[in-house]
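# Commentary on secondary and tertiary structure
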Amino acid sequence: MTTPLSWNRLPDISPDAICSLTSRATAIPDTIPRPLLPYGNGRSYGDVCLTDKGTLLLTRGLDRFIEFDRKQGRLRCEAGMTLREILALVVPQGWFLASTPGTQLATIGGAVANDVHGKNHHDSGCFGHHVKALELWRSNGEVIHCSSERNPDWFYATIGGLGLTGLIRWVDIQLKPILNPWLWVQSQRFANLGEFWTLNREAEANWPYTVAWIDCLAKGKSRGRGILLAGAHAPAQSQSLNYSSHDKRMLIDPPFSMVNHFSLKAFNALYYRQPVKPQGTLVHYAPYFYPLDAIRNWNRIYGKKGFYQYQCVIPPENAEAAVTDLLDTIAQHGDGSFLAVLKTFGIKPSVGMLSFPRPGTTLALDFPNRGSRTLKLLSALDDVVRSAGGALYPAKDARMPADLFQSGYPVWQEFSKFVDPQFSSSFWRRVTV
């Protein structure tokens, strides 16, 4: 069996054993090495879903629908179902995920464990806000039914709990109604970071979905230039619209990263000058929410050494200055990011004890792994985040210092009380030393 990896291929570690789960009723053998850790579809970045000790519990075999109330939009399914499999069922029946990350290839168990968020956080919060109940298996054999009314402490610890409170066996979520698979999407170009803040405030006041791509190599008056995409589910259409996906595949696995200063500079210049549609246009949900899913194995463009994803959140009062400092730091190092995404979170508090989303601004970046040079850059970014009182996203981390995790998640010791004694991850051991 192929050793499971994170999507960014870092760190390169292997568990002592792998156990594939095919039924939520099947007992986990006492004979497999401990600690245990659930592993969904490998769409996390870093070691939050990996362990170099014990056994990975592969959950993709837990892929059954349990119950769907089409009238009320309530869905219960096993934790190994991917969001794409869920959407294939519910979209034709007039429903959509109330919150969704940038890939539909994540499992619903992983979405809960990382309390993922999407382009509509300012409008609808994160994934955990729409979880109604879940079933948690503990290593002592106890099965806990969790909701906001029943075992609420376990419920709020498991949402955003990084798979450490036990094995999530099924999840019950509330969906949102839609009239068709289409969105009305508006795109606008902004010349610099100053223009972004103004444009983004206006967009968030009028659109449920907003996100910006930025050119993190631009300097001077063009620092932070980019394109803002705002969207809303489309009203009923008078004529039928057709959509067919044209998935591409990264066929080769190059020994070196195809992302470098020169390719980034050319890509950013072309992307920034693409035609925009401030008047709006109809777009199918797949390319709007999940553009990179159309390129299978897109992570291969970074080569066999992999890449680091870096996502931070900065409190509102420090956001503008800190984001400026982050972009200046990146530009000075000359190692830009192919995927640079900027968004502001809403004020709705997350329900999970260790949830990442909180009021403020989040910046997500990808950097090819160039060894110590890249780690030096990331350490410099840490200094900015630390000084601004920010936090990093565990689901997108492979090297966060323990002090930055502990300052960003001050309830981590209280959360530790809910960690199953036989569950652990390389991430957890790294940041709680």
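Note that the structure is predicted; figures quoted are calculated from it, not measured. (Residues numbered from 1 in each chain as written. Predicted model: local features only at pLDDT ≥ 70, side-chain atom pairs only at ≥ 80, totals over all residues. Heavy atoms only, no water.)

## Considerations on the environment of Gly118
This is how it is decided: Secondary structure elements follow DSSP: runs of H or I of four or more residues count as helices, runs of E of two or more count as strands, with numbering from the N terminus. Working rule for contacts: check all heavy atoms of both residues, and any pair within 4.5 Å makes them a contact.
Topologically, Gly118 is positioned in the loop between α2 (108–113) and α3 (121–124). Measuring from C-alpha to C-alpha, the distance between Gly118 and Ala98 comes to 9.3 Å, with 20 residues separating the pair along the chain. Excluding anything up to four places from it in sequence, Gly118 contacts Ser99, Thr100 and Lys343.

## What to know about the side chain of Thr82
With respect to the helices and strands, the residue Thr82 is situated in the loop between β6 (74–78) and α1 (83–90). In contact with Thr82, not counting residues within four places along its chain, are Asn41, Arg60, Gln104, Leu105, Ala106 and Thr107.

## Considerations on the sheet that holds strand β2 (residues 36–39)
Which entries qualify depends on this criterion: Each pair of strands is called paired provided DSSP finds at least two bridges between the two strands. Think of each axis as a best-fit line through the C-alpha atoms, taken over the contacting stretch in the case of a helix, with angles from 0 to 180 degrees between the N-to-C directions.
Strand order in the open sheet made by the 3 strands is β1-β4-β2, with parallel pairing throughout. Pairing within the sheet leaves two strands with one partner each, and these edge strands are β1 (17–20) and β2. Neighbour-to-neighbour, the strand axes of this sheet turn through a mean angle of 25°, independent of strand direction. Where β1 meets strand β4 (residues 55–58), 4 bridges bridge the pair, whose relative direction is parallel.

## A few points about the environment of Pro394
Following the sequence through the fold, Pro394 ends up in the loop between β21 (391–392) and β22 (396–397). Along the sequence, Pro394 and Leu377 sit 17 residues apart, while their C-alpha atoms lie 18 Å from each other. Those residues within four positions of Pro394 in sequence are excluded, and the remaining contacts are Tyr45, Val48, Leu162, Met400, Phe405, Tyr409 and Phe427.

## What about the pattern of salt bridges?
The condition that has to hold: Here, a salt bridge means any side-chain nitrogen of Lys or Arg that lies within 4 Å of a carboxyl oxygen of Asp or Glu.
Per the counting criterion, the structure on display carries 19 salt bridges. The structure contains a network of salt bridges with shared partners spanning Arg24, Arg64 and Glu78.

## Things to note about the packing of helix α5 (residues 193–206) against helix α8 (residues 319–333)
Let me state the cut-off plainly: Just so you know how the angles are binned, under 35 degrees is roughly parallel, over 145 roughly antiparallel, 65 to 115 roughly perpendicular, and the rest oblique. Crossing handedness: left-handed means the near helix sits turned counterclockwise from the far one by under a right angle, and right-handed means the same turn made clockwise.
At their nearest, the axes of α5 and α8 sit 11 Å apart, and the two run at 135° to each other. Judged by the angle between their axes, α5 and α8 are oblique. Along this stretch, α5 crosses α8, giving a crossing that reads as right-handed. Along its contact with α5, which presents Leu193, Trp197 and Arg201, the element α8 presents Ala319, Glu320, Val323, Thr324 and Leu327.

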